[in-house]
Amino acid sequence: MAFDPVRFRSLFPALSRTVNGHPAAFFDGPGGSQVPEAVIAATREYYVSRNANTHGQFLTSRRADETVAEARQAAAALLGAEGPETISFGQNMTTLNFALARAIGRTLRPGDEIVVTELDHDANVAPWLSLAERGAVLRWCPVRLDSCTLDMDAMRALIGPKTRHIAVGYASNAVGTVNDVGEVVRLGHAVGATVSIDAVHFVPHGLVDVQELGADFLLCSAYKFFGPHVGILYSRPGALDELPTDRVRPQDATAPTRIETGTLNHAALAGTTAAIETIAGQGVGADLRTRIESAFAAIYPYEHALAGRLWQGLAEIPGVTLYGPVVGSALRAPTISFRIQGHEPAAIAAILGEQGFFVWDGDFYAVTVIDRLGLADKGGVVRVGMAPYILEAEVDALLAAVRNIAD
Ligand SMILES: Cc1ncc(COP(=O)(O)O)c(C=O)c1O
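Parameters at a glance
Residues numbered from 1 in each chain as written. Predicted model: local features only at pLDDT ≥ 70, side-chain atom pairs only at ≥ 80, totals over all residues. Heavy atoms only, no water. Axes fitted to C-alpha atoms, helices over the stretch in contact; angles between N-to-C directions. Helix = DSSP H or I, 4+ residues; strand = E, 2+ residues; numbered from the N terminus. Parallel < 35°, antiparallel > 145°, perpendicular 65-115°, else oblique. Left-handed = near helix turned anticlockwise from the far one by under 90°. Contact = heavy atoms within 4.5 Å. Domains from an automatic or database assignment. Buried area = accessible area lost by both parts, 1.4 Å probe. Salt bridge = Lys/Arg side-chain N within 4 Å of Asp/Glu carboxyl O. Polar contact = N/O pair within 3.5 Å; in protein donor to acceptor, adjacent residues only side chain to side chain. Nonpolar A, V, L, I, M, F, W, Y, C, P; charged D, E, K, R; others polar. Buried < 20%, exposed > 50% of the residue type's maximum accessible area, 1.4 Å probe, protein only. Pairing = 2+ DSSP bridges. Core = buried A, V, L, I, M, F, W, Y, C linked by side-chain atoms within 4.5 Å. 1 Å grid on protein atoms, 1.4 Å probe; cavity = no way out; pocket = protein on both sides within 12 Å on 5 of 7 lines; lining within 4 Å. Points joined across faces, edges and corners; volume = space filled by probe spheres on them.

## Observations regarding the packing of helix α10 (residues 288-315) against helix α13 (residues 392-406)
Here α10 crosses α13 at 20°, and the two axes come no closer than 10 Å. As far as their axial angle goes, α13 and α10 are roughly parallel. In this structure, the crossing between α10 and α13 has a hand that is right-handed. Residue-level inspection shows Tyr302, Leu306, Arg309, Leu310, Gly313 and Leu314 of α10 in contact with α13, the latter providing Glu392, Val395, Asp396, Leu398, Leu399 and Val402.

## Side note on the domain arrangement of the chain
In terms of domains, the chain is made up of domain 1 (5-34 + 287-406) and domain 2 (41-280). Using only C-alpha atoms to locate each centre, domain 1 and domain 2 end up separated by 25 Å. Listed by partner, the interface residues are 40 residues for domain 1 and 40 residues for domain 2. Summed over the three residues of domain 1 that lose the most area to domain 2, namely Arg289, Phe296 and Arg372, the buried surface amounts to 20% of that side. Ionic pairing is found between arginine 289 and aspartate 209, a salt bridge with its closest N-O pair at 3.9 Å. Summed over the shared surface of domain 1 and domain 2, the result is 18 residue pairs in polar contact (both at pLDDT 80 or more). Taken together, the elements giving at least two residues each to the side of domain 1 that touches domain 2 come down to α10, β14 (335-340) and α12 (367-372). For the side of domain 1 that touches domain 2, the element with the highest residue contribution is α10, accounting for nine residues. In the side of domain 1 that touches domain 2, the residues fall into 24 nonpolar, nine polar and seven charged.

## Here we look at unusual backbone geometry
The step from alanine 255 to proline 256 runs through a cis peptide bond, and the omega angle for that step is 5°. Its location among the elements puts proline 256 in the loop between β12 (231-235) and α9 (266-280). We note that asparagine 20 has phi near 50°; this positive angle belongs to a residue other than glycine. Structurally, asparagine 20 can be placed in the loop between β1 (18-19) and β2 (22-23). A positive phi is found at phenylalanine 364, a non-glycine position, where the angle reads about 55°. Considering the arrangement of structural elements, one finds phenylalanine 364 in the loop between β16 (360-362) and α12. A relative accessible area of 11% places phenylalanine 364 in the buried class.

## A few points about the sheet that holds strand β5 (residues 113-117)
Pairing in this open sheet of seven strands is mixed, and the strands run β4-β12-β11-β10-β9-β5-β6 from one edge to the other. Only two strands of the sheet have a single partner each, and these edge strands are β4 (87-90) and β6 (137-141). The mean inter-strand angle of the sheet, taken between neighbouring strand axes irrespective of direction, is 20°. Most of the contacts of helix α4 (residues 93-105) go to strand β11 (residues 217-221), to which it runs at about 160°, and overall it touches β4, β9 (163-169), β10 (194-198), β11 and β12. Sheet strands touched by helix α7 (residues 181-190): β9 and β10. Its angle to β10, the strand with the most contacts, is close to 160°.

## With respect to the environment of alanine 349
For alanine 349, the position within the fold is in helix α11 (residues 345-354). Taking the relative accessible area as the measure of exposure, alanine 349 reaches 9% and is therefore buried. Sequence spacing of alanine 349 and leucine 373 is 24 residues, and the spatial spacing of their C-alpha atoms is 20 Å. Look past the residues within four positions of alanine 349 in its chain and what remains in contact with it is Val359 and Asp361.

## So, the nonpolar core
Grouped together as the largest cluster of nonpolar side chains are 116 residues, with contacts concentrated most on Phe27, Leu79, Met155, Tyr170, Ile197, Leu218 and Phe225. The greatest single-element share of this core, amounting to 12 residues, is contributed by α10. Counting contributing residues per domain, this core is built from domain 1 (5-34 + 287-406) and domain 2 (41-280), each supplying no fewer than three. The contacts of leucine 79, once residues within four sequence positions are left out, are Ile87, Val203, Val208, Asp209, Val210, Leu218, Cys220, Ile232, Tyr234 and Arg289. Ranked by size, the runner-up nonpolar core spans 25 residues in total, among them Trp128, Ala136, Ala239 and Leu240.

## Considering the sheet that holds strand β13 (residues 320-323)
Read across the sheet, four strands follow the order β13-β14-β17-β16 without closing on themselves; strand pairing throughout is antiparallel. Both outer strands of the open sheet, β13 and β16, are each paired with one neighbouring strand and no more. Going across the sheet, the axis of each strand differs from the next one's by a mean of 30°, ignoring polarity. The pairing of β14 with strand β17 (residues 381-385) spans four bridges and is antiparallel. Its bridge partner being in β17, phenylalanine 338 is matched across the sheet by valine 382.

## Considerations on empty space enclosed by the protein
Applying the stated criterion to the full structure yields one cavity of 30 Å³ or more. Looking at side-chain class alone, the lining of the largest cavity contains seven nonpolar, three polar and two charged residues. Per-domain counts for the lining of the largest cavity show at least three residues from each of domain 1 (5-34 + 287-406) and domain 2 (41-280).

## Focus on the pairing of β17
Among the five residues of β17, five are classified as buried, and the element is accordingly described as predominantly covered. Pairing between β16 and β17: three bridges, direction antiparallel. When the bridges of β17 are listed, tryptophan 360 appears paired with arginine 383.

The following block contains the structure:
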């Protein structure tokens with residue numbers, strides 16, 4: 001099924017904004033995507049007809065229970081999970097990951113090793129670094145600076161009998177690299193370690209199949225894929241039940257609630273279901289998972305054609321340096337980072353912003369890779385994120401604006 005970006009765009013009321021007379025181009029998706037009307041409507045509908053706490057014996061409470069159950073079902077379909085009981089929710093990915101790390105930390109003995117990577121967002125590093133206080137030894141998998149890819153030989157050498165857990169990113173939010181997370185899971189399991197995957201930057205762009213990956217844990221965030229601010233944690237059946245999580249005593253001690261503290265944001269969960277259904281609506285098939293698979297089979301090439309066009313265009317502009325794997329050379333997120341010689345990234349983003357091009361600058365909390373690239377005290381990079389609602393004409397207009405700055 002061919003992807004229709006114009007139809008997709010029409011679902012998003014925010015996209016009609018203008019800035020100083022210029023149409024706004026939302027290249028800021030890696031920081032948070034825009035939201036379709038269906039998500040706004042589902043959130044509103046929750047407050048109108050479903051608003052109550054869960055587990056009561058009355059209508060609205062039953063509706064709230066359904067809202068949570070539907071969101072778990074939809075997120076399970078999005079991730080290819082075994083079922084809704086594998087899906088836990090939280091405030092955001094970072095909060096869930098700290099909760100996961102705290103729980104895993106309680107099972108560690110001094111000298112146990114945890115592997116993190118130089119490529120990751122700090123939300124997948126800091127929670128594990130905090131375990132050093134408990135005597136855990138942190139081992140860093142380095143990044144190859146020429147390609148911004150993980151050094152998998154180093155990863156293999158790091159993993160050994162003392163490794164208890166590996167925290168790896170699926171895709172870099174700074175430079176777009178997609179890591180061989182399936183291989184990391186295999187390496188971890190071969191020594192009896194658990195593996196968690198930060199899929200926040202991958203989920204909006206490509207199909208995830210947690211069962212095929214064999215991941216113990218995988219995290220993502222609904223506001224990156226057209227939904228509200230909700231964190232999602234997949235845990236392999238049984239994986240969460242073994243962990244000493246923070247809980248109130250009356251709480252159900254099994255997955256998925258074992259790691260959920262307090263009342264969830266039900267309205268946002270209604271929106272999360274609508275966001276996943278919006279993705280699925282771009283595909284065809286008899287069930288939600290099949291439609292999601294079909295949708296990503298169409299979205300991935302569409303976004304990559306845009307990313308390739310941008311990469312190619314930027315590469316031809318004198319003074320531009322691009323970071324990350326060359327588009328087309330590997331599985332990749334359609335996220336392009338660059339610098340222009342003689343211009344600060346923040347200044348470039350500000351000029352572009354005045355012309356309606358919403359792009360991010362800085363390190364985007366992927367602090368280590370930006371530091372290793374020698375850019376930490378130079379303002380980092382300018383980051384342009386593709387989304388299915390971006391049009392080719394917007395990429396061309398952005399290229400023209402960047403050319404003007406570089407001239
Ligand atoms: C790759 C990656 N991981 C983790 C996070 C943190 O997600 P959250 O904002 O849901 O805590 C982000 C947010 O930008 C991200 O891009």
